[in-house]
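One-letter residues, chain by chain:
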Amino acid sequence: MHEKMLRRDCTLQLGRKRLSENFLKGGATMHVKKYLLKGLHRLQKGPGYTYKELLVWYCDNTNTHGPKRIICEGPKKKAMWFLLTLLFAALVCWQWGIFIRTYLSWEVSVSLSVGFKTMDFPAVTICNASPFQYSKVRHLLKDLDELMDAVLERILAPEPSHANATEALNFTIWNHTPLVLIDEQNPHKPVVLDLFGDNHNSSASSSPAPGRTCDAQGCKVAMRLCSLNGTVCTFRNFTSATQAVMEWYVLQATNIFSQVPRQELVAMSYPGEQLILACLFGAEPCSHRNFTSIFHPDYGNCHIFNWGMTEKALPSSNPGAEFGLKLILDIGQEDYVPFLTSTAGARLLLHEQRSYPFIKEEGIYAMSGTETSIGVLVDRLERKGEPYSRCTKNGSDVPIPNLYSDHNTTYSIQACIHSCFQDHMIRNCSCGHYLYPLPRGEKYCNNQDFPDWAYCYSDLRINVAQRETCINLCKESCNDTQYKMTISMAEWPSEASEDWILHVLSQERDQSTNITLSRKGIVKLNIYFQEFNYRTIEESAANNIVWLLSNLGGQFGFWMGGSVLCLIEFGEIIIDFVWITVIKLVAFSKSLQRRRAQAHYASPPPTVAELVEAHTNFGFQPDVISHSPTTGTYPDEQPVPIPGTPPPNYDSLRLQPLDVVESDNEGDAI
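A quick note: this is a predicted structure, and the numbers were derived from the prediction, not measured. Throughout, a residue's number is its position along its own chain's written sequence, starting from 1. For this predicted model, a pLDDT threshold of at least 70 governs which residues receive local features, and a threshold of 80 or more governs which side-chain atom pairs are given and counted, while totals over whole chains, interfaces and linings are taken from all residues. To obtain the side-chain values, all non-hydrogen atoms of the structure were included, while hydrogens and water were left out.

A. Quick peek at the sheet that holds strand β11 (residues 291-296). With antiparallel pairing, the five strands of this open sheet are ordered in space as β11-β12-β3-β15-β16. Each edge of the sheet is formed by a strand with only one pairing partner; in this case those strands are β11 and β16 (364-366). Across this sheet, the average inter-strand angle for adjacent strands is 30°, counted without regard to direction. In this sheet, strand β12 (residues 300-305) lies alongside strand β3 (residues 123-128) in antiparallel orientation, the contact comprising four bridges. Bridge pairing links Cys127 to Cys302 in β12. Strands pair, by our definition, only if DSSP identifies at least two bridges between them. Each helix corresponds to a stretch of at least 4 residues labelled H or I by DSSP, and each strand to a stretch of at least 2 residues labelled E; elements are numbered beginning at the N terminus. All axes here are fitted lines through C-alpha atoms, helices being fitted over the stretch that makes contact, and every angle between N-to-C directions spans 0 to 180 degrees.

B. How the structure looks around the UniProt feature "transmembrane region" (unreviewed entry) in the chain. Using the residue numbers shown here, the UniProt feature "transmembrane region" (unreviewed entry) corresponds to residues 79-99. Taken end to end, residues 79-99 has its terminal C-alpha atoms 30 Å apart, with 100% of it in helix and 0% in strand. UniProt positions are given in the numbering used here, feature names are shortened, and annotations may be inferred rather than shown by experiment.

C. Representation of the confidence of the model for the chain. Every residue is assigned a pLDDT by the predictor, reflecting its confidence on a scale from 0 to 100. Averaged over all residues, the pLDDT of the chain equals 81, while 79% of them reach at least 70. This model gives residues 199-211 a pLDDT under 50, and the stretch forms 21 contacts once residues within four places in sequence are excluded. Whether two residues are in contact is decided by their heavy atoms, any of which lying within 4.5 Å being enough. This model gives residues 652-670 a pLDDT under 50, and the stretch forms 24 contacts once residues within four places in sequence are excluded.

D. Expanded view of the pattern of salt bridges. Take a side-chain nitrogen of Lys or Arg and a carboxyl oxygen of Asp or Glu: if they are within 4 Å of each other, that pair is a salt bridge. One pass over the structure, following the stated rule, counts 15 salt bridges. Note that Glu146 and Lys142 form a salt bridge whose closest N and O atoms lie 3.0 Å from each other. In this pair, Glu146 and Lys142 are both assigned in helix α6 (residues 142-156), four residues apart and thus about one turn of the helix distant. Exposure classes here rest on a 1.4 Å probe applied to the protein chains alone. A residue is buried below 20% of its type maximum, exposed above 50%, and partly exposed in between. The exposure class of Glu146 is partly exposed, given its relative accessible area of 32%. The closest approach of N and O atoms between Arg383 and Glu476, which form a salt bridge, is 3.5 Å. Within this pair, whereas Arg383 is found in the loop between β17 (370-382) and β18 (391-392), its partner Glu476 is found in strand β19 (residues 476-477), the two being separated by 93 residues in sequence. The network of salt bridges with shared partners includes Arg236, Glu247 and Arg461.

E. Geometry of the pairing of strand β5 (residues 191-194). Every second residue of β5 is oriented toward a common face, with Val191 and Leu193 on one face and Val192 and Asp194 on the other, all of them buried. In this sheet, β5 lies alongside strand β4 (residues 179-183) in antiparallel orientation, the contact comprising four bridges. Within β5, the residue paired with Leu181 across the bridge is Leu193.

F. Inspection of the state of the cysteines at higher detail. When two cysteine sulfur atoms are found within 2.5 Å, that pair is recorded as a disulfide. This structure, assessed with the given rule, holds eight disulfides. Residue Cys279 pairs covalently with Cys286 via a disulfide, S to S 1.7 Å. Disulfide Cys279-Cys286: torsion about the S-S bond near -80°, hence left-handed. Judged by its relative accessible area of 9%, Cys279 falls in the buried class. Between the sulfur of Cys431 and that of Cys445 lies a disulfide, 1.9 Å long from S to S. Looking along the S-S bond of the Cys431-Cys445 disulfide, the torsion reads about 95°, which is the right-handed sense. Placement of the pair is Cys431 in the loop between α12 (413-429) and α13 (453-461) and Cys445 in the loop between α12 and α13, with a sequence separation of 14 residues. Accessibility assignment for this pair places Cys431 and Cys445 in one class, buried.

G. Inspection of a nonpolar patch on the surface at higher detail. Together, Phe570, Ile574, Val578 and Val582 give the surface a local cluster of nonpolar side chains, amounting to about 320 Å² of exposed area. Within the fold, Phe570 resides in helix α17 (residues 564-598). With relative accessibility at 46%, the residue Phe570 sits in the partly exposed group. Patch definition: residues with relative accessible area over 30% and no salt bridge; like charges joined within 9 Å; nonpolar side chains (Val, Leu, Ile, Met, Phe, Trp, Tyr) joined within 5 Å. Using a 1.4 Å probe, the Shrake-Rupley method yields the accessible areas, and only the shown protein chains count as cover for residues.

H. Seen up close, the packing of aromatic side chains. Centre distance within 6.5 Å is the pairing criterion for rings of Phe, Tyr and Trp, where only the six-membered ring of Trp is used; planes under 30 degrees apart are then read as stacked, over 60 as edge-to-face, and the remainder as tilted. Counting across every chain of the model gives 22 aromatic pairs. For the ring pair Phe281 and Phe305, a centre distance of 5.6 Å and an interplane angle of 50° mean the geometry is tilted. Taken together, the residues span a long stretch of sequence, with Phe281 in strand β9 (residues 276-281) and Phe305 in strand β12 at a distance of 24 residues. According to the relative accessible area criterion, Phe281 is buried, its value standing at 13%.

Shown next as structure tokens:
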């Protein structure tokens, strides 16, 4: 009996706690539900709270043509209008999809405009075709030149009559990357012959043929590139022996120059005071001091006029040769490296201020002994940018680090592609190529430290996947200026004036009364604006948001007679659907909580009167009824009536069903 009373007390205390919690939670839930129902009532204006009633109300009140006829006509017309409405709605969605897809393709239109104003004269980069003076690099190339002479002798006279002459040669360079002859008289079994005695057969099952020779027509000259101590080799073939020996010599010279400090390379190239004999810009004289010098691995010292790094760019007030740049250059052709450079002349490039000159890829040659006139037209490109054009404003969004940033130049796609190739070179070959800038902490490739670099470089150079990767990673500049050139040439100096011009130039350069210059060593340049205007090629969006909205609205109005208000109505009905779903989920959740709460009682739950009394009177003890058949407190075995106190009639304790909420103004149940 005592245990049952304790259990009853615990049940009452639990009931008090749950009642207070239910009052708090129930009150918050009722407020949320009341707000949702009232908001739904305001939006719907009385259509009801089922999905069917909501759809009927929408069809009856929408301004879109078609849905109204579905509920107003007879059965046959209802079916007809239902099918027509679905068909036209599908057509509208299909057309909308086409227009949205066209808009998201980010197509551009190009407009061309012509402007007239004072323009900045372009930066002009001048280089000699030969990167070094042979008199200053002869000691570095001595062994290589002797080896080259022997190679040419073997190619031109393949008979093995000069075997003793090769004993004095230094074969250290040759052993890394030799030139070979490939005898293709039997195409199915070509034979590889070494130029200096040892013959190598391309087939492992065949034996070498000592003393075997072949003539120039029957053999092709190739370069053998090996890695992993000669265990993996490949052959780079050439159609002409001239190409083969030039490529081989440049590769070996790269190995030599990559080990020389940059300051020594600059000293061995052509200085500005030696290259530039005369300079005139418009009516103002200039000299080599007005040029900025940089070192280019392919062309040695290059000199840039009007680069705009330290001073403001020079303007040009009028078109014509009189207002341009006039130069006389001494290329010193007699001191060219014979096997490194086979072209004589000056290499020049016109480019924007503060941009790095990629003269090998974009430059042109000016021939010696001529006067070259270059008329310039200016094209300015303005790309739209993302998402319309794949371009960048300053290269900050390009994942490739710019190796040319040390020159404080602007971004260009050539700088990105070269930096990307050098990055692949370092990752695949463990060293950087001599022709490109070197990241900090890395070393240039050479035969001593990286014996497999030539094989790796050749393989990377012909790798299409590598080029595509770099092209995909790099972006064009959004704003670019291109200089279109019209080139004309004439002999200079003429036969009548050659004597006195060469005398004057020789006296100015060497303070000599004798002629120390020749026609083959001088170049005259005239660079000027051909027309005093510029063209602007600008990209603009072909399909903007106005175009999209106009087409979407036109299709919607044509097929269904709708407007933006009809779309708002449709959005309203979607919100009503969501709210009804939320209310149903809340009601389901509450009913589920009630079932779980009732399942916690082991004995019959207390009455409402007991819960209320226990909540207000903490000393209340209810009467306990024994349901055990063994206890016989009352002989007549009649159940004892349960005394209880009716709950107080407080408004704050009034209970209402979940789906009945007072209205805002009239108090009627919704």
